[in-house]
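Remarks on the overall topology
Now for the letters of each chain:
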Amino acid sequence: MKLPDVLEYAFSDYTSNKFKTMMSSLGIIIGVMAIVVMLTLGDGLYSGVSQQFGSLELDTLVVLPMGIDMQAGTLSQKPPAKLTDRDVSLIMGTPGVTEVYPEISVSGMTVTYRDENRTMGVSGISPQYFSGRYMEQVDKGRYLSQSDSYSVVLGSRVANGTFGKEIRTGSYITITNIYNGRSQEYKVVGVMKERNASILVGDPNSAIYMTKAGLKALSDQDTYSYIGVRAESVESADSVAKSVEDSLNRLHRNEGFSVLTQKMFADLITQVFAMIKYTLAGIGAISLVVGGIGIMNVMTLTVKERTKEIGLMKAVGATTMDVRKVFIAESAMLGLFSGAGGVLLAAAIAAVVGHYAELSMPVSASNAIIGVLFGLVVTVVFGVYPANQAARLDPIEALRTE
């Protein structure tokens, strides 16, 4: 029998008993659906987390005043390094560095606006380092200048949503340090645009920025909590981080500090979510295997039901290989159509889950192909045994079967 004849015969049997076909397909549809849904959920979760933490800015790195062993997950026993303008100047002179933005972060502040109090942190900056793209990110008003002693710029979420009423430029807020009781009134001169959060330094939308001079009214801290660094490109981020670390080692040989890249964290997130994704898909594959066993049972019974038909096929010239091809083709057809049905069902479920989770969860082409291939392979593998049974039937004995 030629291949078109095999496929035509297999399709004829596939469509002849729709109820049996539907029952046989059900296990494969559910299995493929489970695999594709699990893979899609994993992709959606990773995409959502990546967007939340701004993992696209992979050309950035940060210097922290503490030694961190990322592989062991432990802190260095060395005393924390004191990061100052001297370190900033050294980093700015490092090849491959295009931008440096140091910050002093102080938590435990009570911010008062129109008799409403909120507890949050503030960031002291040196405006001479925060130029260029920071000026472009101002939504309302202006950015801080070096002469601003008692002025602040607010992150978008602080200005819109943290308090009962929107904080507009020109308004005044009072900030009190709950640890030492110091208090100071500040004028809001600018509000920043909505920006992606950073894996390394947190959410800029919830920040309050002031100059280092303005921060002195609240805190005596004068060393930087971290120094942000931007490399020339994503590809050079790792090499720039190594150069920055080598430069700082000369100043802080006996002090603990770390140079961490955002790419490092993005790669770690990718690995974690890949593990979660394929673990979930493996769980879904279990139901696919169960469905395959069900197909093997159904097709084994089908061989017994069609014994006389198989004998007639052999009597008119069909070879053992022809019979085997017909049954394997039926299995493959069952897997192909069931796999496609499982993908469509998975797309509907992922859309519903994505809607309620507020995440984009489209079924990617690769996940759809993986699902269909799994369904096809499982049905073919579990269809081999019934196909061999049918192929080995003796035609004379088969024709005698009632």
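Fair warning: this is a prediction, and the values are worked out from it, not measured in the lab. (Residues numbered from 1 in each chain as written. Predicted model: local features only at pLDDT ≥ 70, side-chain atom pairs only at ≥ 80, totals over all residues. Heavy atoms only, no water.)

Attention now moves to the packing of helix α3 (residues 85-92) against helix α7 (residues 237-249). Where α3 contacts α7, the two axes come as close as 10 Å, and the packing angle between them is 135°. With respect to each other, α3 and α7 are oriented oblique. Judged by the sense of rotation from one axis to the other, the crossing of α3 with α7 is right-handed. Where α3 approaches α7, its residues Asp87, Leu90 and Ile91 are matched on the opposing element by Val244, Ser247 and Leu248. A class-by-class count of the residues in the contact of α3 with α7 yields four nonpolar, one polar and one charged. (Axes fitted to C-alpha atoms, helices over the stretch in contact; angles between N-to-C directions. Helix = DSSP H or I, 4+ residues; strand = E, 2+ residues; numbered from the N terminus. Parallel < 35°, antiparallel > 145°, perpendicular 65-115°, else oblique. Left-handed = near helix turned anticlockwise from the far one by under 90°. Contact = heavy atoms within 4.5 Å. Nonpolar A, V, L, I, M, F, W, Y, C, P; charged D, E, K, R; others polar.)

All right, on to the environment of Met92 then. Considering the arrangement of structural elements, one finds Met92 in helix α3. Residues Met92 and Arg230, 138 residues apart in the sequence, show an inter-C-alpha distance of 9.9 Å. Here Met92 is in contact with Val97, Val100 and Tyr129, once residues within four sequence places are set aside.

Another aspect to go through is the pairing of strand β9 (residues 183-192). Note that strand β6 (residues 138-141) and β9 share three bridges and pair antiparallel. Bridge pairing in β9 places Val138 opposite Met192. Across four bridges, strand β7 (residues 151-154) lies against β9 in parallel orientation. What sits directly across from Val152, in β9, is Val188. Note that strand β8 (residues 172-177) and β9 share five bridges and pair antiparallel. Looking at the pairing, Thr176 lines up with Ser183 of β9. (Pairing = 2+ DSSP bridges.)

All right, on to unusual backbone geometry then. Within the chain, Arg114 stands out as a residue other than glycine whose phi angle is a positive 55°. Tracing the backbone through its elements, the reader meets Arg114 in the loop between β4 (97-113) and β5 (116-125). Classification of Arg114 as exposed rests on a relative accessible area of 55%. One non-glycine residue with positive phi stands out, namely Asp115, at about 70°. (Buried < 20%, exposed > 50% of the residue type's maximum accessible area, 1.4 Å probe, protein only.)

In the numbering used here, UniProt assigns the feature "transmembrane region" (unreviewed entry) to residues 21-42, 278-303, 334-357 and 363-385. End C-alpha atoms of residues 334-357 are separated by 34 Å, and the span's content is 100% helix alongside 0% strand. Helix makes up 91% of residues 363-385 and strand makes up 0%, while its end C-alpha atoms are separated by 33 Å. (UniProt positions renumbered as here; feature names shortened; annotations may be inferred.)

For the coordinates displayed, the defined rule picks out two aromatic pairs. A ring pair is formed by Tyr113 and Phe163, whose centres lie 5.8 Å apart and whose planes are at 75°; its orientation type is edge-to-face. Here Phe163 lies in the loop between α5 (156-159) and β8 and Tyr113 lies in strand β4, a separation of 50 residues in the sequence. Judged by its relative accessible area of 4%, Tyr113 falls in the buried class. The buried category is assigned to Phe163, whose relative accessible area is 4%. (Phe/Tyr/Trp six-rings, centres within 6.5 Å; stacked < 30°, edge-to-face > 60°.)

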